[in-house]
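# Topology and contacts: notes
Read off the chains here:
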Amino acid sequence: MTILVTGAAGFLGRELVAQLQAAGEEIHGVDVKADTSVLSQLDVSSAGFTSLVETIKPRAIVHVAGVQYLHPVPRFSRKKFFQANVDMAKNLAKSMREQQGIEQVVFVSSDMVYGKAGSSPISSQTLPAPIGPYGESKLLAEKVLTQAATECEVQLAILRPRLIAGAGRLGTLETLHKLMVRNLPVPIIGKGLNRYQFVSKTDVADAIVRSLKKKSSGIYNLGSEQPPLVKELLSSAMRSMGSRSKLLYLNQGVTVLTLRMLDVLGISPLSPEQFEIASLDRLLDTSATIRELGWRASKTDLEMLLESFDYLSERL
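Residues numbered from 1 in each chain as written. Predicted model: local features only at pLDDT ≥ 70, side-chain atom pairs only at ≥ 80, totals over all residues. Heavy atoms only, no water.

## Considerations on the environment of D285
Relative to the helices and strands, D285 is located in the loop between α9 (272-275) and α10 (287-293). Looking at D285, the relative accessible area reads 28%, which means it is partly exposed. Spatially, the C-alpha atoms of D285 and E232 are 21 Å apart, while their sequence positions differ by 53 residues. If near-sequence neighbours (up to four positions away) are discounted, D285 is found in contact with P121, I122, S123 and N221. A polar side-chain atom of D285 sits 2.8 Å from a polar atom in the side chain of S287. (Helix = DSSP H or I, 4+ residues; strand = E, 2+ residues; numbered from the N terminus. Buried < 20%, exposed > 50% of the residue type's maximum accessible area, 1.4 Å probe, protein only. Contact = heavy atoms within 4.5 Å. Polar contact = N/O pair within 3.5 Å; in protein donor to acceptor, adjacent residues only side chain to side chain.)

In structure tokens, the structure reads:
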């Protein structure tokens, strides 16, 4: 039986396909982009996806595909933009109801469903309270898939990773890299005394592989162990790169208020889901994941950050 992987040409999808193939699994990759890991080039939210599921009859589906802030996000109508995440989940739920033989679905969600959260570390049992359209779309997708899995008696594993890092990661890490390479000041919101956890793409893929082997069901947080303070992490990265950049500490209250106003005008460099938590201690409690999947993060935050920077340096 085949394992169907959506988003197979993406940053995480390619790593997952490689790990599953190394484990001897038969994989059918799906993505809107062409890639060596993709057998079917189509949109998961299209009618063609349910037809594909009917044709290949997978025993498991890993849903990695999604739109996020790495994509060009419109200044306005963000809720409509991220609706694609819900639409893909609805199509997957439709396949779960119509196609016999699907034993498990693994959905890569996001820690953004927690919003600001009330305390840190954040348990997988923490009540979700997203503060923006991306987190809202992921939470709605979780609910759509949970309902279908319950009705069809399909095992559903929901993974909520922190910021996924590693070679190939763009977005905010790309901006940091450009500043450090050019020896420019690196602005951070607040005093940098908070921790901003990462998780490696290889470790996320490993968690998925373990979940598939165990046919697990539940919600699993994914994040590094003992992340350092933001100021320490960035300072260490600058030293490792030989950068002469200095940290520029921005007043938290003034900066967040300014970004909120810029966001209303559609010209903020960051989304509320990014700047509202930038100065918070952002840690996920992974104890349930460790206990149930036998999973542990294998890389430190500095290792992941430098991996990302090495990849970006090669592209200069």
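Still to come is the rest of the account.
## Looking at unusual backbone geometry
In the Ramachandran plot, K57 falls in the positive-phi region, its phi being about 50° despite a non-glycine side chain. With a relative accessible area of 42%, K57 lands in the partly exposed category. Phi at Q226 takes a positive value of approximately 50°, unusual for a residue other than glycine. In this fold, Q226 is placed in the loop between β10 (218-222) and α7 (230-241). Owing to a relative accessible area of 78%, Q226 belongs among the exposed residues under this scheme.

## Here's the deal with the sheet that holds β10
Sheet architecture is open: seven strands sit in the order β3-β2-β1-β4-β5-β6-β10, paired in parallel fashion. The open sheet is flanked by β3 (40-41) and β10, the only strands paired with a single partner. Direction of pairing for strand β4 (residues 60-63) relative to strand β5 (residues 104-108): parallel, over a ladder of four bridges. Considered in β5, the bridge of A60 is made with Q104. Its contacts with the sheet put helix α3 (residues 78-98) on β4 and β5, and the angle it makes with β4 is roughly 175°. Running over the sheet, helix α6 (residues 201-214) touches β1 (3-6), β4, β5, β6 (155-161) and β10 and is turned about 165° from β5. (Pairing = 2+ DSSP bridges. Axes fitted to C-alpha atoms, helices over the stretch in contact; angles between N-to-C directions.)

## Description of the pattern of salt bridges
According to the stated counting rule, one finds 15 salt bridges in the structure shown. Here R78 makes a salt bridge to D263, at a shortest N to O gap of 2.8 Å. With a gap of 185 residues between them, R78 in helix α3 and D263 in helix α8 (residues 252-264) connect regions that are remote in the sequence. You'll find R78 and D263 in the same group, each marked buried. Across the pair R260 and E276 runs a salt bridge, and its minimum N-O distance is 2.7 Å. (Salt bridge = Lys/Arg side-chain N within 4 Å of Asp/Glu carboxyl O.)

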